[in-house]
Amino acid sequence: MLLRMNIVILSGAGLSAEQGLGTFRDTDGLWTRYPLEKVATPEGFAADPALVHDFYNARRANMRAAAPGPAHEALARLSRREGVTLVTQNVDDLLERAGAARVIHMHGELSRALCHACGARWDAPDVMAPDDPCPACARSATRPDVVWFGEIPYHMEEIEAALVAADLFVSIGTSGTVYPAAGFVELARMAGADSLELNLEASGGRFDEVREGPASRIVPAWVAQIDGE
Ligand code: APR
């Protein structure tokens, strides 16, 4: 069945929830414990960079202590097929550590740092602090290379090109509440793609098919079905 299909797979926090990285809007989600305006906006960073670095240092440590699960491994295997594009809202590196060929991180990556003075990017150390000097311009203007609310997501042209060419759009582990990712299914459907949601519970988005269950179970099952046929 996979012969020469263009498949775009969008993932969200639910893909990594069982690896202990948590989600944002579930009962004990990150945004129920931290005020997102203080830790995930440019204004919050300007007001208290130390608080923001602490927030991302804790998430980076959690990520580095975690390991990819069966869903990451199944998607990594599938990503090596021609025509498969992995897009993620997640900032963790579990898909890469599972061996994924290429992952498009539209919200950036916890494992990367950015200088907001000169635009340099480098691999983030375990712990970042406001007065860290940028390795390129030496100014103390470093931040996590993640996209905050009110900022432009990365790689949008490449993502939109993949969506309009998709035969199948699959949404995994996302509540579909944050744009532009929440609009991807409509864009793919308008271009004639079939659409499938794999989620703990239906997000309510418009999909041709919805399969409910934990990603660790339903994602490998779907990959085996589509890759095995
Ligand atoms: N398996 C599959 N899906 C799961 C699991 C699981 N084990 N656990 C939770 N889910 C689902 C939830 O049902 C929910 O639909 O994952 C989704 C998580 O939704 P959110 O917490 O809103 O996370 P996400 O959709 O990734 O958020 C999108 O919002 O705050 C921003 O930048 C942040 O990238 C994030 C974006």
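What counts, and where the lines are drawn
Residues numbered from 1 in each chain as written. Predicted model: local features only at pLDDT ≥ 70, side-chain atom pairs only at ≥ 80, totals over all residues. Heavy atoms only, no water. Near = heavy atom within 4 Å. Polar contact = N/O pair within 3.5 Å; in protein donor to acceptor, adjacent residues only side chain to side chain. Areas by Shrake-Rupley, 256 points an atom, 1.4 Å probe, with all protein chains shown as cover. Nonpolar A, V, L, I, M, F, W, Y, C, P; charged D, E, K, R; others polar. Domains from an automatic or database assignment. Core = buried A, V, L, I, M, F, W, Y, C linked by side-chain atoms within 4.5 Å. Buried < 20%, exposed > 50% of the residue type's maximum accessible area, 1.4 Å probe, protein only. Helix = DSSP H or I, 4+ residues; strand = E, 2+ residues; numbered from the N terminus. Contact = heavy atoms within 4.5 Å. pLDDT = per-residue confidence, 0-100. Axes fitted to C-alpha atoms, helices over the stretch in contact; angles between N-to-C directions. Parallel < 35°, antiparallel > 145°, perpendicular 65-115°, else oblique. Left-handed = near helix turned anticlockwise from the far one by under 90°. Pairing = 2+ DSSP bridges. Expected span 1.5 Å × (residues − 1). Arc of directions from axis to C-beta. UniProt positions renumbered as here; feature names shortened; annotations may be inferred. Buried area = accessible area lost by both parts, 1.4 Å probe. Salt bridge = Lys/Arg side-chain N within 4 Å of Asp/Glu carboxyl O.

Comments concerning the site of the ligand
Thinking step 1. The environment of the ligand is formed by 23 residues, the closest being F24, R25, W31, T174 and S175.
Thinking step 2. The contact in question runs from an oxygen atom of the ligand to an N or O atom on the backbone of Q89, over 3.3 Å.
Thinking step 3. One nitrogen or oxygen atom from the main chain of A215 is found 2.9 Å from a nitrogen atom belonging to the ligand.
Thinking step 4. For the ligand, whose free accessible area comes to 740 Å², the fraction covered by protein is 93%.
Thinking step 5. Of the residues contributing to the shell around the ligand, the split by class is nine nonpolar, 10 polar and four charged.
Thinking step 6. Taken domain by domain, the makeup of the shell around the ligand includes at least three residues from each of domain 1 (1-20 + 68-107 + 153-229) and domain 2 (22-65 + 110-146).

Description of the nonpolar core
Thinking step 1. The biggest cluster of nonpolar side chains holds 26 residues, and the ones touching the most others in it are I7, I9, L75, V170 and W222.
Thinking step 2. Listing elements by their share of this core, those giving two or more residues are β1 (7-11), α5 (70-79), β2 (84-88), β7 (168-172), β8 (194-199) and α9 (215-228).
Thinking step 3. Every residue in contact with V170, bar those within four places of it in the chain, is listed here: I7, V8, I9, L10, L196, L198 and W222.
Thinking step 4. The next biggest cluster of nonpolar side chains, apart from the first, holds 17 residues, and it includes M106, M156, I159 and A181.

Digging into the confidence of the model for the protein
One rule of thumb: low pLDDT means the predicted coordinates there are not for detailed reading.
Thinking step 1. With 98% of its residues at a pLDDT of at least 70, the protein reaches an overall mean of 96.
Thinking step 2. Complex prediction metrics read pTM 0.97 and ipTM 0.99.

As for the packing of α5 against α9
Helix-helix packing is characterised by the crossing angle of the two axes and by the distance between the axes.
Thinking step 1. At their nearest, the axes of α5 and α9 sit 7 Å apart, and the two run at 25° to each other. Taken together, the axes of α5 and α9 are roughly parallel relative to one another. For the element pair α5 and α9, the recorded crossing hand is left-handed. Together, P70, A71, A74, L75, R77 and L78 of α5 and A215, S216, V219, P220, W222, V223, I226 and D227 of α9 make up the contact between the two elements.
Thinking step 2. Its residues assigned to classes, the contact of α5 with α9 shows 11 nonpolar, one polar and two charged.

Section: the sheet that holds strand β5 (residues 121-123)
Thinking step 1. Spatial strand order, β5-β4-β6: three strands in an open sheet with antiparallel pairing. Strand pairing shows two members of the sheet lacking a second neighbour, β5 and β6 (142-146), which therefore form its edges. The sheet shows a mean angle of 45° between the axes of neighbouring strands, taken without regard to direction.
Thinking step 2. In the sheet, strand β4 (residues 108-115) pairs with β5 via three bridges, with the strands oriented antiparallel. Across the sheet, L114 pairs through a bridge with R121, a residue of β5.

With respect to α9
Thinking step 1. Here α9 is 14 residues long and its end C-alpha atoms lie 19 Å apart, about the 20 Å a rise of 1.5 Å per residue gives.
Thinking step 2. Among the residues making up α9, those that are buried are A215, I218, V219, W222, V223 and I226. Looking straight down α9, one finds that the buried residues subtend no more than 130° of arc, so they occupy a single side. Facing away from the buried side of α9 by more than 90 degrees, the exposed set consists of R217 and G228.

Looking at the pairing of β1
Thinking step 1. Burial within β1 is extensive, with five of its five residues counted as buried.
Thinking step 2. What you see with β1 is no split at all: I7, I9 and S11 on one side and V8 and L10 on the other are buried throughout.
Thinking step 3. Of the pairings in the sheet, the one linking β1 to β2 comprises five bridges and is parallel in character. Paired with L10 across the strands is V87, a residue of β2.

With respect to the UniProt feature "active site" (unreviewed entry) in the protein
Thinking step 1. Residues given the UniProt feature "active site" (unreviewed entry) here are H107.
Thinking step 2. Here H107 is to be found in the loop between β3 (103-105) and β4.
Thinking step 3. Ignoring any residue separated from it by four or fewer positions in sequence, one finds H107 in contact with T88, Q89, V91, D145, V146, V147 and P153.

Comments concerning the domain arrangement of the protein
Thinking step 1. Per the domain assignment, the segments of the protein are domain 1 (1-20 + 68-107 + 153-229) and domain 2 (22-65 + 110-146).
Thinking step 2. Tallying the contact residues gives 15 residues for domain 1 and 14 residues for domain 2.
Thinking step 3. Summed over both sides, the interface between domain 1 and domain 2 buries roughly 1,000 Å², with carbon and sulfur atoms accounting for 51% of that surface.
Thinking step 4. When residues of domain 1 are sorted by the area they lose upon contact with domain 2, A13, V91 and Y154 head the list and together hold 43% of the total.
Thinking step 5. Applying the counting rule to domain 1 against domain 2 returns zero salt bridges.
Thinking step 6. Our count for the domain 1 to domain 2 interface comes out at five residue pairs in polar contact (both at pLDDT 80 or more).

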